[in-house]
Amino acid sequence: METLHREQDLPLSPADKALLRKHIQRELDEIREEVEETCKVASDVSPVPQQAYDETSTLLKRISHDIPMPDMMWLEDGGIGLEWRPGDGIVTMSLYGDNHVTFVAILGNQHEIAGTCPLSDSRILPSFLATLPLLFRQRM
């Protein structure tokens, strides 16, 4: 996983912002290519709508830059998945182009967080995004 490091309270420099945008776009372009190639030969997978790519890009720009970039993958049911592995846990987010995000965090046997909310949610989603850096500080 690639990490863009910065001091926690300092904003990203313009060069780091450009690097982040390029990395996100490169990953999404690779996913798009894989999806298009697979959809040409397989009828049991769903294409990923453009809105899912756009939502993923926008969401990734909202996530704290002091955690690793997630592994990004396409989901055969027509979405884009993001995955982090802090320590022995796993955190996933799925986007399908419907203006919602589904998130799951499993941190050992006793801690599980799961939900679905609109990307425009002003309470749940920002709270979940704020926990990501904490998970990496505690679990690595």
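In this report, the structure presented in the accompanying data block is examined. Quick caveat: nothing in here was measured; it's all calculated off a predicted structure.

### What to know about the pattern of salt bridges
So, step 1. The full count for this structure, using the stated rule, is 1 salt bridge.
So, step 2. Across the pair Arg-85 and Glu-83 runs a salt bridge, and its minimum N-O distance is 3.1 Å.

### A word on the pairing of strand S3 (residues 90-95)
So, step 1. Bridge analysis of strand S2 (residues 79-84) against S3 gives 5 bridges, and the strand direction is antiparallel. Bridge pairing links Gly-81 to Ser-94 in S3.
So, step 2. As consecutive antiparallel partners, S2 and S3 are separated by 5 residues, and within that stretch Gly-87 has a phi angle of approximately 60 degrees, a positive value.
So, step 3. Judged from the 6 bridges that link them, S3 and strand S4 (residues 100-106) form a sheet pairing that is antiparallel. The residue of S4 that forms the bridge with Val-91 is Ala-105.
So, step 4. If you look at the hairpin formed by S3 and S4, you'll find 4 residues sitting between the two strands, and Gly-97 has a positive phi there, around 80 degrees.

### Considering the nonpolar core
So, step 1. By size, the foremost hydrophobic cluster in this structure holds 35 residues, and its most contacted members are Leu-59, Ile-63, Trp-84 and Met-93.
So, step 2. Those elements giving two or more residues to this core turn out to be helix H1 (14-41), helix H2 (50-62), strand S1 (71-75), S2, S3, S4 and helix H3 (124-139).
So, step 3. Residue contributions to this core peak at 6 residues, all from H3.

### Thoughts on unusual backbone geometry
So, step 1. Although it is not a glycine, Asn-99 adopts a positive phi angle of roughly 65 degrees.
So, step 2. The topology assignment puts Asn-99 in the loop between S3 and S4.
So, step 3. According to the relative accessible area criterion, Asn-99 is partly exposed, its value standing at 39%.

### Notes on H1
Because an α-helix packs 3.6 residues into every turn, residues spaced three or four apart end up facing the same way.
So, step 1. Taking 1.5 Å per residue as the helical rise, H1 with its 28 residues ought to reach 40 Å, and the 41 Å between its terminal C-alpha atoms agrees with that figure.
So, step 2. Those residues of H1 that sit buried are Leu-20, His-23, Ile-24, Glu-27, Leu-28, Ile-31 and Val-35.
So, step 3. Against H2, S1 and S2 lie the buried residues of H1.

### A short note on a negative patch on the surface
So, step 1. Together, Asp-29, Glu-30, Glu-33, Glu-34, Glu-36 and Glu-37 line one region of the surface with negative charge.
So, step 2. Following the sequence through the fold, Glu-34 ends up in helix H1.
So, step 3. Given a relative accessible area of 42%, Glu-34 falls into the partly exposed group.

### A short note on the pairing of S4
So, step 1. Residue alternation in S4 divides its side chains into a buried set, Val-101, Phe-103 and Ala-105, and an unburied set, His-100, Thr-102, Val-104 and Ile-106.
So, step 2. The sheet contact formed by S4 and strand S5 (residues 112-118) spans 7 bridges and is antiparallel. When the sheet's bridge partners are listed, Val-101 is paired in S5 with Cys-117.
So, step 3. Joining the antiparallel neighbours S4 and S5 is a turn of 5 residues, in which Gly-108 adopts a positive phi near 80 degrees.

The rules behind each value
Along each chain, residue indices are assigned from 1 in the same order as the chain's sequence is written. Only residues with pLDDT of at least 70 are given local features in this predicted model, and only at 80 or more are side-chain atom pairs given and counted; all residues enter the totals for whole chains, interfaces and linings. To obtain the side-chain values, all non-hydrogen atoms of the structure were included, while hydrogens and water were left out. When a carboxyl oxygen of Asp or Glu lies within 4 Å of a side-chain nitrogen of Lys or Arg, that pair is called a salt bridge. The rule for pairing is simple: two strands pair if DSSP sees at least two bridges between them. Each helix corresponds to a stretch of at least 4 residues labelled H or I by DSSP, and each strand to a stretch of at least 2 residues labelled E; elements are numbered beginning at the N terminus. Here, the term nonpolar core denotes a set of buried Ala, Val, Leu, Ile, Met, Phe, Trp, Tyr and Cys residues that are joined through side-chain atoms within 4.5 Å. Each residue is assigned to one of three classes by its accessible area relative to the maximum for its type, calculated with a 1.4 Å probe on protein chains only: buried under 20%, partly exposed between the two thresholds, exposed over 50%. Here a helix's expected span is defined as the number of its residues, less one, multiplied by 1.5 Å. By definition, residues are in contact when any of their heavy atoms lie within 4.5 Å. Each patch is assembled from residues with relative accessible area greater than 30% and no salt bridge, linking like charges that lie within 9 Å and nonpolar side chains (Val, Leu, Ile, Met, Phe, Trp, Tyr) that lie within 5 Å. Method for areas: the Shrake-Rupley scheme with a 1.4 Å probe, in which residue coverage is limited to the protein chains shown. When charges are counted, Lys and Arg are positive and Asp and Glu negative, with His and the chain ends excluded. Every charge is mapped to an atom, namely NZ of Lys, CZ of Arg, CG of Asp or CD of Glu.

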